[in-house]
Amino acid sequence: MPNTPPPDFASLSLAEIARLAEEHRLPPVESWNPAHCGDSEMRIARDGSWYHQGSPIGRPAMVRLFSTILRREPDGRFVLVTPVEKLDILVEDAPFVAVELKVEGEDEAMRLAFRLNTGDVVVAGPEHPLRIESHEDGPHPYLKVRGGLDALIVRSVYYELAQLALTQDETPPGVWSQGVFFPLEPEA
């Protein structure tokens, strides 16, 4: 994985974003099944910050690298996995945070692209659905990233989605992306 910073999201077209997302090759973590080796002593905070032994990991390239070997186990645990070891990692909410939104098109032809805190880009659609969960502190909006890994959508981006939903004249209020309608209300 290159250590170059991600391109400026705002300057990219949705076609360029989709191409970058498609080109982003991830290690085949689903096929790696080493014996469990212990605890990584790492944590991903609710705001998407990564920590090792209580100290923040300040190098974005290191966070991007670790994010490529992150996997969710069938029992719900999160692990960092390589061909030779598997280490637990604590995730406070979701392992990724969607920090920016780019919208193209209108109504059913709309496409919504999200930039994650790792620099990755994800276009919402059939394989990357949006959902809202009800929590004690209010609604938590999520975007499926891959293999049981979600991104928590930051409040400011959620408000952008809500504003879009208000222009859609749908009941319940929601947004379209890649031909799929996503209601912006908690799942039943």
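Our subject is the structure that appears above.
Computed from a predicted model, the values in this text were never measured in an experiment.

J.: Even after reading the chapter, I still don't get the sheet that holds strand β12 (residues 149–153), so can you show me in this structure?
T.: In a beta sheet, neighbouring strands pair by backbone hydrogen bonds and run either parallel or antiparallel. With respect to topology, six strands assemble into an open sheet ordered β9-β8-β7-β12-β11-β10, the strand pairing being mixed. One side of each edge strand has no neighbouring strand; the edge strands of this open sheet are β9 (121–123) and β10 (130–135). Recorded for the sheet is a direction-independent mean angle of 40° between the axes of neighbouring strands. Direction of pairing for strand β7 (residues 96–104) relative to β12: parallel, over a ladder of three bridges.

J.: How do you make sense of helix α3 (residues 155–166) when you look at a structure like this?
T.: Since there are 3.6 residues in each turn of an α-helix, residues three or four apart along the chain are aligned in direction. Helix length check: α3 (12 residues) gives 16 Å between terminal C-alpha atoms against 16 Å at 1.5 Å per residue, within 8%. All buried positions along α3 are accounted for by Val-157, Tyr-158, Leu-161, Leu-164 and Ala-165. Considered in projection along α3, the buried side chains sweep an arc of 115° and stay on one side of the axis. Turned more than 90 degrees off the buried face of α3, the exposed positions are Tyr-159, Gln-163 and Leu-166. The inward-facing, buried residues of α3 abut β7, β8 (111–116), β10, β11 (138–146), β12 and β13 (174–177).

J.: I keep staring at the packing of aromatic side chains and nothing clicks. Help me out?
T.: Under the counting rule described, the total for this entry stands at three aromatic pairs. A ring pair is formed by Trp-50 and Phe-66, whose centres lie 6.3 Å apart and whose planes are at 15°; its orientation type is stacked. Here the residue Trp-50 occupies a position in strand β2 (residues 50–52), and Phe-66 occupies one in helix α2 (residues 60–67), the gap between them amounting to 16 residues. Directly above the aromatic system of Tyr-51 lies the positively charged group of Arg-43, at a separation of 4.2 Å from the ring centroid.

J.: It is not clear to me how unusual backbone geometry should be interpreted in this structure. Could you clarify?
T.: In terms of backbone geometry, most residues other than glycine have negative phi values and most peptide bonds are trans. A positive phi angle, close to 60°, is found at Glu-41, a residue other than glycine. Looking at the secondary structure, you find Glu-41 in strand β1 (residues 36–44). What makes Glu-41 partly exposed here is its relative accessible area of 43%. Look at Gln-53: it is not a glycine, yet its phi comes out positive at around 50°. Relative to the elements of secondary structure, Gln-53 occurs in the loop between β2 and β3 (55–56).

J.: What exactly am I supposed to notice about the environment of Leu-80 here?
T.: By secondary structure assignment, the location of Leu-80 is in strand β5 (residues 78–81). Here the alpha-carbon distance between Leu-80 and Ile-69, two residues 11 residues apart in the chain, equals 5.4 Å. Among all residues touching Leu-80, those that are not within four sequence positions of it are Ser-40, Met-42, Trp-50, Phe-66, Ile-69, Leu-70, Glu-85, Lys-86, Leu-87 and Ile-89.

J.: Explanation requested: the side chain of Ser-40 in the structure shown.
T.: Position of Ser-40 relative to the elements: it lies in strand β1. Looking at Ser-40, its side chain comes within polar contact range of the main-chain nitrogen of Met-42, at 3.1 Å. Contact partners of Ser-40, with chain neighbours within four places excluded, come to His-52, Leu-80, Leu-87, Asp-88 and Ile-89.

Rules and cut-offs
Residues numbered from 1 in each chain as written. Predicted model: local features only at pLDDT ≥ 70, side-chain atom pairs only at ≥ 80, totals over all residues. Heavy atoms only, no water. Pairing = 2+ DSSP bridges. Helix = DSSP H or I, 4+ residues; strand = E, 2+ residues; numbered from the N terminus. Axes fitted to C-alpha atoms, helices over the stretch in contact; angles between N-to-C directions. Expected span 1.5 Å × (residues − 1). Buried < 20%, exposed > 50% of the residue type's maximum accessible area, 1.4 Å probe, protein only. Arc of directions from axis to C-beta. Contact = heavy atoms within 4.5 Å. Phe/Tyr/Trp six-rings, centres within 6.5 Å; stacked < 30°, edge-to-face > 60°. Lys NZ or Arg CZ within 6 Å of the ring centre and 35° of its normal. Polar contact = N/O pair within 3.5 Å; in protein donor to acceptor, adjacent residues only side chain to side chain.

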